[in-house]
Amino acid sequence: MRKFFLSAFVLAASLVVASNGLALEKSAARFSDDSRDGWAAGGATCSVAYYNICTGWIWVWSGWSAGDVVGTQFDACGTNCTLDSGFMYFTTGAPSGYGFTGNAAVSAGDGNGCPTGAPLASQAFLPISGWNLLNWGGVAVPNSYVVAVEFAASQGLPNPAAVATEHPAAGPTGPAACGTCYPTNRTNHSFYYGTSGSPLCPGSALNDGVCDAQLLFDTLLNCIVSVEDSSWGTVKNLYR
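Quick caveat, the model's predicted, so the values are computed rather than measured.

Student: Sorry if this is basic, but what is going on with the pairing of strand S12 (residues 190-195) here?
Tutor: The side chains of a regular strand alternate between both faces of the sheet. Burial analysis of S12 places 5 of its 6 residues in the buried class, which makes it a mostly covered element. Sheet topology note: the strand S5 (residues 68-75)/S12 ladder contains 4 bridges and is antiparallel. In the strand pairing of S12, Asp 68 is matched with Thr 195. Note that S12 and strand S13 (residues 199-207) share 3 bridges and pair antiparallel. Within S13, the position partnered with Gly 194 by the bridge is Pro 199. Linking S12 back to S13 in an antiparallel pair, the connection comprises 3 residues.

Student: Got a minute to help me understand the state of the cysteines in this structure?
Tutor: Disulfide: a covalent bond formed between the sulfur atoms of two cysteine residues. Taken as a whole and assessed by the stated rule, the structure comprises 5 disulfides. Covalent S-S linkage joins Cys 114 and Cys 201, the inter-sulfur distance amounting to 2.1 Å. Between Cys 114 and Cys 201 the disulfide shows an S-S torsion of about 100 degrees. By sign, it is right-handed. Highlighted residues: Cys 114 in the loop between strand S7 (102-109) and strand S8 (115-125) and Cys 201 in strand S13, separated in sequence by 87 residues. Judged by relative accessible area, which is 42%, Cys 201 ranks as partly exposed. Between the sulfur atoms of Cys 178 and its disulfide partner Cys 211 the distance amounts to 1.8 Å. Judged by the sign of its S-S torsion, about -55 degrees, the bond between Cys 178 and Cys 211 is left-handed. Highlighted residues: Cys 178 in the loop between strand S11 (162-166) and S12 and Cys 211 in the loop between S13 and strand S14 (212-213), separated in sequence by 33 residues. Across this residue pair, the class does not change: Cys 178 and Cys 211 are buried. Of note for the chain: the bonded cysteines, numbered N- to C-terminal, pair according to 1-3, 2-7, 4-10, 5-8, 6-9.

Student: I'm lost on the pairing of S13 in this one. Help?
Tutor: Summarising the sheet, S13 and S14 pair through 2 bridges and their orientation is antiparallel. Its bridge partner lying in S14, Leu 206 is registered against Ala 213.

Student: How should I be thinking about the pattern of salt bridges in this particular structure?
Tutor: Enumeration over the complete set of coordinates arrives at 1 salt bridge. The partner of Arg 186 in a salt bridge is Glu 166, and the shortest N-O contact between them spans 2.3 Å. Highlighted residues: Arg 186 in the loop between S11 and S12 and Glu 166 in strand S11, separated in sequence by 20 residues. Just as Arg 186 is buried, Glu 166 falls in that class too.

Cut-offs applied
- Per chain, the residues get numbers from 1 upward, laid out in the order the sequence is written.
- The model is predicted, so local features are restricted to residues of pLDDT at least 70 and side-chain atom pairs to those at 80 or more, both for listing and for counting; the totals for chains, interfaces and linings are taken over all residues.
- Values reported for side chains reflect all heavy atoms of the structure, with hydrogen atoms and water molecules removed beforehand.
- Relative accessible area decides the class of each residue, using a 1.4 Å probe on protein chains only: under 20% of the type maximum gives buried, over 50% gives exposed, and in between gives partly exposed.
- Starting at the N terminus, helices and strands are each numbered in turn, a helix being any DSSP run of H or I of at least four residues and a strand any DSSP run of E of at least two.
- Strand pairing requires that DSSP identify at least two bridges connecting the strands.
- Working definition: a disulfide is two cysteine sulfur atoms within 2.5 Å of each other.
- What makes a salt bridge here is a side-chain nitrogen of Lys or Arg within 4 Å of a carboxyl oxygen of Asp or Glu, nothing more.

So, to be careful, I would describe these as geometric facts and stop short of saying anything about function.
Here is the structure:
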């Protein structure tokens, strides 16, 4: 069982993502445990992640409504890739039996980083606090693919689950991560995609006023990996 130590929220602010009118509450929290019990690499050849929590702070995003879709566009780390599994971090889960079970899906990604076409795979998704393991069992994915989750709400109430991203701006302690831990012109990979009934493409970045924030999201793949690809996969993992 994983153990995570999150400090009490020390900073809170409402945020409107880009210009789409989605109002979210975001709070800063300390992140201090990156373990993943049960991550069984098996025969997997590489993993891909884009977040960087080098300063120890994360943003907590809450206030999701029914149908809201958020996710990450990933680039495969080789050829002939199949998606084995992935982990997505939530600071707060949602209770079972109250109508908050949503959906997680894998789709091909288009040139804007949006999911396109019919989902390659999907599953019911009720987030728990901490790392959520998504088993995909070897779904064939193209070079660009998106893993996204859709929130469900009960009787019009917002979903209580809270998603975590890295913290590009300066936290309550330390410098800004953006420009220190990674370049300010880094490509964004995490988006709010509108709702299932009204998709948004291009998606809106989860920007904290300094830089775009990446979801704490990893994927594990089986690919044919060249020496060069393997090195690049290692570099990608250094950005976590």
